[in-house]
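Close look at the chain arrangement
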Amino acid sequence: MNGPIKLLLKNISKERNTSNFTWWLGEGVQGEPSRNNGDLSEYNCTYMTLTPLQIIITSDCNQRRSFICTYNLRSSSYTAKTIQSGHASRSRPKRNVNAMGSSVSNIETLLLEADKELRRMETTVGEPTDDNRDKFIQYLLAGTKESSLLNNDTISHIINCSTGILLLSMKKCDIQTNPNPPALFEQVFEIFRIIASRTGSVTSQTFVIKHRKGTIYQRSYKSADLGNAVLGSEKDGEFVKLPSYSALRAQLKGQSTIYTQMSMFSMNPHPSDDISGTVCSILLSNGESDIKLENLTEMIEIFMPRPAALALTNNTVVLEKNTNALTTINVSDPNVTVIFNAEPSANLSLVVTLSRGSPRNSTYSNSTAVLSPTGGYRWMITPEMLQQTPGVWYVDTRLFNSTWEPGLTLTFTSFMSKCLYWHTGRETWTTDGCQVGERSTPRLAHCLCNHLTLFGSTFFVMPNYVDISRTAELFSTVSENYVVLALLCAFFGLYLVTLLWAGYADRRSRSKRKMTLLEENHPGAQYNYLISVQTGHRKNAGTTARVTVKLTGTEGESETHTLTDPDKPVLERGAVDMFLLATPFPLGDVRNLRLQHDNSGGRPSWYISKVTIQDLQTRHVWHFFCDCWLSADRGDGMTKKTFNAAKSNEIASFRNIFQSRTSTGFRDEHIWVSIVDPPSRSPFTRAQRVSCCMSLLLCTMAINIAFWNIPIDESSPVIFTLGSLQITWQEIMVGVQSGLLMFPINILIITIFRSIRPRIISNSQKDDSEENLRPRAITIPTILKDTEEVISLVSRSPRNKMSEMPRLESTTDLCSALDRVHEFLQLMQGESESDPHWVYCSKFLLAGLCHLLMDLERLDGKNFQSPQLYQQALNNTNVLVRKAEMVFTSHLAYCPPPAKRKKRGTDGCWLPWWCVFLGWFLLLSISAVSTYFTLLYGFEYGKDKSTKWVMSLGLSLFQSIFILQPLKVIGIAVFFALLLKPVSVEETEEIEQVLLQQQDRCTRYSGRDTL
């Protein structure tokens, strides 16, 4: 013990009882401890007693004692020394930290003032106060920023002052009652950041700054040279190895020069029981702001020495034959990694099994490994293997495929390690994003982290970064990485082949798309029914036979009509054929439908699925669920059947709506399946569907490869958990962003194609020319036949009270037929209440009489038995035409107006036909952009990663096409069936075209445009 200390103690002990006197000893007091109550470290305290005189080291630093300190106060050379007692102090001039504020603009003067302020704080009880500490750091930081040039001595002086205020703050006397703010270290470290940016900008060599509590390594790099760079000193065991440039490039964001600073501290700025050994800080900067690295695809390797670590204790056991060795590990922290070594005395292999609760417990035995000489008999037991569960764990060690030898021994060693980082937001140490590396030893911590900055939950997840400016460079690597290019070429080849087939199928479909106006409709009949006949999808469901249909309603029945079309085949397998059937009057509520075929042709059997009849005047719809064979050799062997209209509960049943919606969904809404069999009347063609599928596929590939294998954000909150399945906020946001990028433009394209008005070419001119070229020959038999047909059709309604007309044989019969027509006109004239039945009957009769009058006028009277008979027929017909016109006008005036057809504009809008070019332009544009980015990412990833991506893409496409989209269609069908219960009726603009054709036939038949 030096002289000044002895003199001080001698003066204190004069004439006093010093048996209970103890003093805390500060740094600089020399002496050897006589008793050690703790490990010798910087966090233990030393005190002395006088009776007996001895120096003691203890870890209990909270007891109240007097102080004896020797301070080495540094001005610029740290040569001044003074002695300060806990009971006396030398008076000195009053001063405070504000003196530094006036010297901020001059760094040298500021540092001299900082030295004086540190000396004052060291020798003043209660210092540093919170206010003085904060001002000291503030002034020192401001001076460092304003200094234009920092030499090595100035930098060293700044770091010493920064470290000094940090150490004084951490060792102040009232640290327990007035702890430092958690951000204190970050405030001081900001000064180090400024120094790093200044020194890194002037040197490309490693610049090393050593101070009392650590070392700072600084260097500047070109951006491309930062990959796999080593920061620090591998010789001293304190260094950081960065990942490859491909993993860093996205977050370097094209910076040309990067300034690095790696700082290693021997003391922990945020004291915690979890931290032992050194603390490392890494900073990357572009000279103006910090560069954050987070969620990297490759880990940053951090090596930190642990000089104070205790030596490992070996445990050697003799392994007898057919026995095992059991090691107990007491895990108190669920986040630690246990490094377990089991080294045998001979060269053989061991199998180790981890279990909890009891040795070799099958219930809790979840991890097994084989230790061999090549692996160094080393086993890392991670927190996941420990199930993050503290407690007693057992490691069972046995021989594995090896022969036991006498005297075989096993030497066991184990230690625990944990890598943490300081989370400024939570102000705590956390393991998020960090794990223990395999090169960890008791004296060297090896940590693997995927970030340099702190985690934070963000709303948007950034895709993998790709540098567009390197397009030419990346595309030049096609000979080395052709995986993605080959995949795209295969897809485009398949697309072209499918497009050719789709174009051919569309041409065939257009020829079959025509709505049929039944040839057997009477030209004067103006009450129209739309019949939709759906043939089943069973094998050989279509028919070659001649099929007839007859409708029966509450107010009459129709003629028997043949379902045929001279321009196209009808009633083929899976087809939906639409026919316009016209009657002279309303049939009322359609109750029955009779279908029959003549069993002709090579495949006469017909499976009829469903028939829908729609009254085009009242918009009422009747459904007939057939689902049966009309066949002589299938089903019940019948070729003629009568079906009853479905009741309301049958139409709205779950089975009917579900089947209808599912069929429509797969044929129209499932974009992939609809290519094969789209709805026959949809304007959305197969070629357009194939191209939309290709566009959707290319978009899927581009977005999939952009977000493929992005780093997992461990701090992202878990939104949903089902067993082992967890859905995090990050995954949800990736899905939302992918949907926002992919679906709007593709849905727009599909909507355009669906909503384009079909260009229907009228056949009326063709029909006119054919009629003009072949005028009908007028004879007495044709006149008699036409008159007989009109009366026969009118007599089919019970309301008309007209009996069946016998066959007309001569002109004499014509006059009697006209008398019956006159009686019927008188009956209609006597009806006081008008309704659609009398309107359409009178209209039909007027058309028939006008036609008869035209024929009589064109016919020569010589064809009659006498000129008087011809003149009588002509005069009677004229009178009947005028009377029929009067009856029709009367009933039409007093009849309630018929229900008008809904226009397309009420449910949506048709786009003009030229919008198809807009759809194709958008489709080609999005396909080209998607192809470009897919190739760019593929060349960026390289061949190996691209191959893995292709495999994951295949699984994703399979899941989308065969699982997700069918589930979507079925889900929508169930939703409609359970909740909305609609009855779907096919709408088409061709109805108007066919109605015009029937109207045109009536005009030519009657010779009047007003009918």
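Not measured: the values here are computed from a predicted model. (Residues numbered from 1 in each chain as written. Predicted model: local features only at pLDDT ≥ 70, side-chain atom pairs only at ≥ 80, totals over all residues. Heavy atoms only, no water.)

1. So, the overall build of the protein chain
Across its full length, the protein chain holds 22 helices and 37 strands. Across the 1011 residues of the protein chain, 47% fall into the buried class. Relative to all contacts within the protein chain whose residues are 6 or more apart in sequence, the contacts with residues 24 or more apart total 73%. (Helix = DSSP H or I, 4+ residues; strand = E, 2+ residues; numbered from the N terminus. Buried < 20%, exposed > 50% of the residue type's maximum accessible area, 1.4 Å probe, protein only. Contact = heavy atoms within 4.5 Å.)

2. Observations concerning the pattern of salt bridges
A full pass over the atoms with the stated rule returns 19 salt bridges. Linking Lys 418 and Asp 333 is a salt bridge whose minimum nitrogen-to-oxygen distance equals 2.2 Å. With Lys 418 in the loop between β21 (409-417) and β22 (421-423) and Asp 333 in the loop between β15 (325-331) and β16 (337-344), the pair connects residues that are 85 residues apart, well separated along the chain. In terms of burial, Lys 418 and Asp 333 fall into one category: buried. One salt bridge in this structure joins Glu 555 and Arg 799, with 3.8 Å as the shortest N-O distance. (Salt bridge = Lys/Arg side-chain N within 4 Å of Asp/Glu carboxyl O.)

3. Quick word on the state of the cysteines
Counted under the stated rule, the structure contains two disulfides. Bridging Cys 419 to Cys 447, the disulfide has an S-S length of 1.9 Å. Every disulfide takes its handedness from the sign of the S-S torsion; for Cys 419 and Cys 447 that torsion is -85 degrees, giving left-handed. Of this pair, Cys 419 sits in the loop between β21 and β22 while Cys 447 sits in strand β25 (residues 444-449), and the two are 28 residues apart along the sequence. Each sulfur of the disulfide joining Cys 434 and Cys 449 lies 2.1 Å from the other. As the torsion about the S-S bond is roughly 115 degrees, the Cys 434-Cys 449 disulfide counts as right-handed. (Disulfide = S-S within 2.5 Å.)

4. Focus: the pairing of strand β28 (residues 547-553)
Counted residue by residue, β28 has six buried out of seven residues, so it is predominantly covered. By the bridge criterion, seven bridges tie β28 to strand β32 (residues 590-597) in an arrangement that is antiparallel. Each bridged residue has a counterpart across the sheet, and for Leu 551 the counterpart in β32 is Leu 593. Judged from the two bridges that link them, β28 and strand β29 (residues 556-557) form a sheet pairing that is antiparallel. Bridge pairing in β29 links Thr 552 to Glu 557. Here β28 folds back onto β29, and the loop between the two strands holds two residues. (Pairing = 2+ DSSP bridges.)

5. Quick notes on helix α15 (residues 780-794)
If you check α15, its first and last C-alpha atoms are 22 Å apart, about what 15 residues at 1.5 Å a residue would give, namely 21 Å. The set of residues buried in α15 consists of Ile 780, Ile 783, Leu 784, Asp 786, Thr 787, Val 790, Ile 791, Ser 792, Leu 793 and Val 794. Among the structural elements, α16 (811-830), α17 (836-858) and α22 (990-1006) are those in contact with the buried residues of α15. (Expected span 1.5 Å × (residues − 1).)

6. Thoughts on the nonpolar core
Counting 74 residues, the largest nonpolar core has Ile 608, Val 611 and Ile 613 as the members making the most contacts within it. At 13 residues, α17 tops the list of elements feeding residues into this core. Not counting residues within four places of it along the chain, the set of residues in contact with Ile 613 comprises Tyr 529, Leu 530, Ile 531, Leu 551, Val 590, Leu 593, His 620, Val 621, Trp 622 and Phe 624. (Core = buried A, V, L, I, M, F, W, Y, C linked by side-chain atoms within 4.5 Å.)

7. Notes on the packing of α15 against α16
Taken N-terminus to C-terminus, the directions of α15 and α16 make an angle of 30 degrees; their axes are 11 Å apart at the nearest point. Between α15 and α16, the crossing angle belongs to the class labelled roughly parallel. As α15 packs across α16, the resulting crossing turns out to be left-handed. Along the contact surface, α15 presents Ile 780, Ile 783, Leu 784, Thr 787, Ile 791 and Val 794, while α16 presents Thr 811, Leu 814, Ala 817, Val 821 and Phe 824. Residues belonging to the contact of α15 with α16 are distributed by class as follows: nine nonpolar, two polar and no charged. (Axes fitted to C-alpha atoms, helices over the stretch in contact; angles between N-to-C directions. Parallel < 35°, antiparallel > 145°, perpendicular 65-115°, else oblique. Left-handed = near helix turned anticlockwise from the far one by under 90°. Nonpolar A, V, L, I, M, F, W, Y, C, P; charged D, E, K, R; others polar.)

8. Here's the deal with the packing of aromatic side chains
Following the criterion strictly, the structure yields 11 aromatic pairs and no others. Between the aromatic rings of Tyr 932 and Phe 933, the centroid separation amounts to 5.1 Å while the plane-to-plane angle is 75 degrees, which identifies the pairing as edge-to-face. Overall, Tyr 932 belongs to the partly exposed group, its relative accessible area being 26%. In this structure Phe 933 comes out as partly exposed when scored by relative accessible area, which is 28%. Cluster of aromatic residues (ring-pair linked, three or more members): Phe 475, Tyr 932, Phe 933 and Phe 939. Here the guanidinium or amino end of Arg 634 rests over the ring plane of Trp 629, the centre of that ring lying 4.5 Å away. In this structure, Lys 945 is placed above the aromatic ring of Tyr 941, and the distance from its NZ or CZ to the ring centre is 4.9 Å. (Phe/Tyr/Trp six-rings, centres within 6.5 Å; stacked < 30°, edge-to-face > 60°. Lys NZ or Arg CZ within 6 Å of the ring centre and 35° of its normal.)

9. What to know about unusual backbone geometry
Residue Pro 128 is bonded to the preceding Glu 127 through a cis peptide linkage, with omega at 0 degrees. Mapped onto the elements, Pro 128 comes out in the loop between α3 (107-122) and α4 (130-146). The residue Asn 540 is not glycine, and still its phi comes out positive at about 55 degrees. Among the structural elements, Asn 540 can be located in the loop between β27 (527-535) and β28. Asn 540 sits in the partly exposed class, given a relative accessible area of 36%. For Asp 627, which is not glycine, the phi dihedral falls at a positive 50 degrees. Position of Asp 627 among the secondary structure elements: in strand β34 (residues 621-630).

10. Here we look at the environment of Arg 757
Here Arg 757 shows up in the loop between α13 (729-754) and α14 (764-773). With 74 residues separating them along the chain, Arg 757 and Pro 683 place their C-alpha atoms 7.4 Å apart.

11. Some points on the sheet that holds strand β9 (residues 230-233)
Strand-to-strand pairing in sheets goes through backbone hydrogen bonds, with the strands running parallel or antiparallel. Overall, antiparallel pairing links the five strands, which are arranged β9-β10-β13-β25-β24 in an open sheet. The open sheet has two free edges, formed respectively by β9 and β24 (434-436), since each of these has just one partner strand. Between one strand and the next, the sheet's axes are offset by a mean angle of 15 degrees, whatever the strand orientation. With three bridges joining them, strand β10 (residues 238-241) and strand β13 (residues 300-305) adopt antiparallel strand pairing.

12. Let's talk about empty space enclosed by the protein
The full count for this structure, using the stated rule, is three cavities of 30 Å³ or more. Here the largest cavity defines a volume of roughly 90 Å³. Asp 786, Thr 787, Val 790, Ile 791, Val 821, Leu 845, Gly 848, Leu 849, His 851, Leu 852, Asp 855 and Tyr 1005 together form the lining of the largest cavity. Of all elements in the fold, only α15 and α17 reach the threshold of two or more residues within the lining of the largest cavity. For the lining of the largest cavity, the leading source of residues is α17, giving six residues. By residue class, the composition of the lining of the largest cavity is seven nonpolar, three polar and two charged. (1 Å grid on protein atoms, 1.4 Å probe; cavity = no way out; pocket = protein on both sides within 12 Å on 5 of 7 lines; lining within 4 Å. Points joined across faces, edges and corners; volume = space filled by probe spheres on them.)

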